[in-house]
Amino acid sequence: STGRIEPNYPKVCGHQGNVLDIKWNPFIDNIIASCSEDTSVRIWEIPEGGLKRNMTEALLELHGHSRRVGLVEWHPTTNNILFSAGYDYKVLIWNLDVGEPVKMIDCHSDVILCMSFNTDGSLLTTTCKDKKLRVIEPRSGRVLQEANCKNHRVNRVVFLGNMKRLLTTGVSRWNTRQIALWDQEDLSMPLIEEEIDGLSGLLFPFYDADTHMLYLAGKGDGNIRYYEISTEKPFLSYLMEFRSPAPQKGLGVMPKHGLDVSACEVFRFYKLVTLKGLIEPISMIVPRRSDSYQEDIYPMTPGTEPALTPDEWLGGINRDPVLMSLKEGYKKSSKMVFKAPIKEKKSVVVNGIDLLENVPPRTENELLRMFFRQQDEIRRLKEELAQKDIRIRQLQLELRNLLNSPKNC
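An unreviewed UniProt entry lists the protein under the name Coronin, with Ursus americanus as the source organism. Heading Sequence similarities (unreviewed entry) of the UniProt record for the protein holds this comment: "Belongs to the WD repeat coronin family."

Asker: Tell me what's going on with the overall build of the protein, and back it up with residues and numbers.
Answerer: Tallying secondary structure elements over the protein gives two helices and 27 strands in all. Dimensions of the protein, computed from the C-alpha atoms along their principal axes, are close to 105 × 50 × 45 Å. Considering the protein as a whole, with its 409 residues, one finds that 44% of them fall into the buried category. As presented, the protein carries roughly 23500 Å² of accessible surface, and 52% of it is formed by carbon and sulfur atoms.

Asker: Outline the sheet that holds strand 4 (residues 60-63), listing residues and values.
Answerer: Taken in spatial order, the four strands make up an open sheet running 1-2-3-4, and their pairing is antiparallel. Each end of this open sheet is capped by a strand with a single partner; those strands are strand 1 (19-24) and strand 4. Neighbour-to-neighbour, the strand axes of the sheet open up by a mean angle of 20°, direction not taken into account. Of the strand pairs in this sheet, strand 3 (residues 40-45) and strand 4 are connected by four bridges, and their pairing is antiparallel. Note on strand 4: the bridge partner recorded for Ile43 is Leu60.

Asker: Any chance you could break down the sheet that holds strand 23 (residues 278-285) for me, citing the residues and the numbers?
Answerer: Reading across from one edge, 21-22-23 is the order of the three strands in this open sheet, with antiparallel pairing throughout. With one partner strand each, in any of the chains shown, strand 21 (250-253) and strand 23 form the two edges of the open sheet. Each neighbouring strand pair of the sheet contributes to a mean axis angle of 25°, computed without reference to strand direction. Here eight bridges tie strand 22 (residues 265-273) to strand 23, and the two strands are oriented antiparallel to one another. By the bridge assignment, Glu265 is partnered in strand 23 with Ile285.

Cut-offs used in this document
Residues numbered from 1 in each chain as written. Predicted model: local features only at pLDDT ≥ 70, side-chain atom pairs only at ≥ 80, totals over all residues. Heavy atoms only, no water. UniProt positions renumbered as here; feature names shortened; annotations may be inferred. Helix = DSSP H or I, 4+ residues; strand = E, 2+ residues; numbered from the N terminus. Buried < 20%, exposed > 50% of the residue type's maximum accessible area, 1.4 Å probe, protein only. Areas by Shrake-Rupley, 256 points an atom, 1.4 Å probe, with all protein chains shown as cover. Pairing = 2+ DSSP bridges. Axes fitted to C-alpha atoms, helices over the stretch in contact; angles between N-to-C directions.

Encoded structure:
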């Protein structure tokens, strides 16, 4: 559905703080993971046909971080495995079948800025505010490679499919925006570094493994640059640029199976334009005259069937994604349904304080939010107490009347 939405259009509004990241489940179309300043990660199920009223109850609430949670990422080949990165410098791996964190990666010394997986999800790469780029084995938490990026301050990173390459966007020592290409098995020096421009907005990289295309979009820019990636020098070939006068604040991407194959659409962005209060779709279309299916731009692509169960992946098995063809146009809906585990309330008690119930505030904003929440709770309890006092007096009077009635004499 397109067009202007009503001002009172229903929202997903169950978090108690700003929502910092959301990700759609790659295997179940209507499941979303979100994370927030309220230290929680939540799983939401969007009903068929969209929201009819505000949604405040999540399917699953995940508590394990001690500070706000900035990033969430679904595992690319395994169903119900979710990664979250918090401002406590930790990455938690959640098994949503049980609704609990099963692993913790604790190798960062500052806030984690970005996470990305290789094709089969056996490796995780992260960028961090401590100016380091890391390649991590997620099940053990072991750091396999580490780069100290003093000359190229990394912000975002993306794995380039099965090329065993990483691409990072960041800032040079002269404060110009640049991109760097790395060999995942040797992060001592980047293979190439290329300066983009002198603007200040973050550069978001998007990679399409099927066409080997890299799209670069800057926050606050109106343009999207695209490059072709190859395994041999020069590695990175500039192709063209999409230009628009409206600056983007953020971008979302349509999964491959949602593209219009008949129009030769190979990538679709959803651009957030805050000045106009709208989301604009931008389609990348390969101009072809033939009406037949274009095998070269639509090879077999990762589909909506997971390759592994959580227990298999946690047990050490790696498997490539289950591929699907887009030839007939994507119609098949996933048979998978998310079932939230029934969780008993647990507590982590230290010095008589339940840490999951009473996460200590770390910032002035968190302290104020907690103060106002407690004031509301105190006000509600006082009103409840006053109503109960009135009810007790009424019952006492009724009891006295019963005792003094002539029948009881």
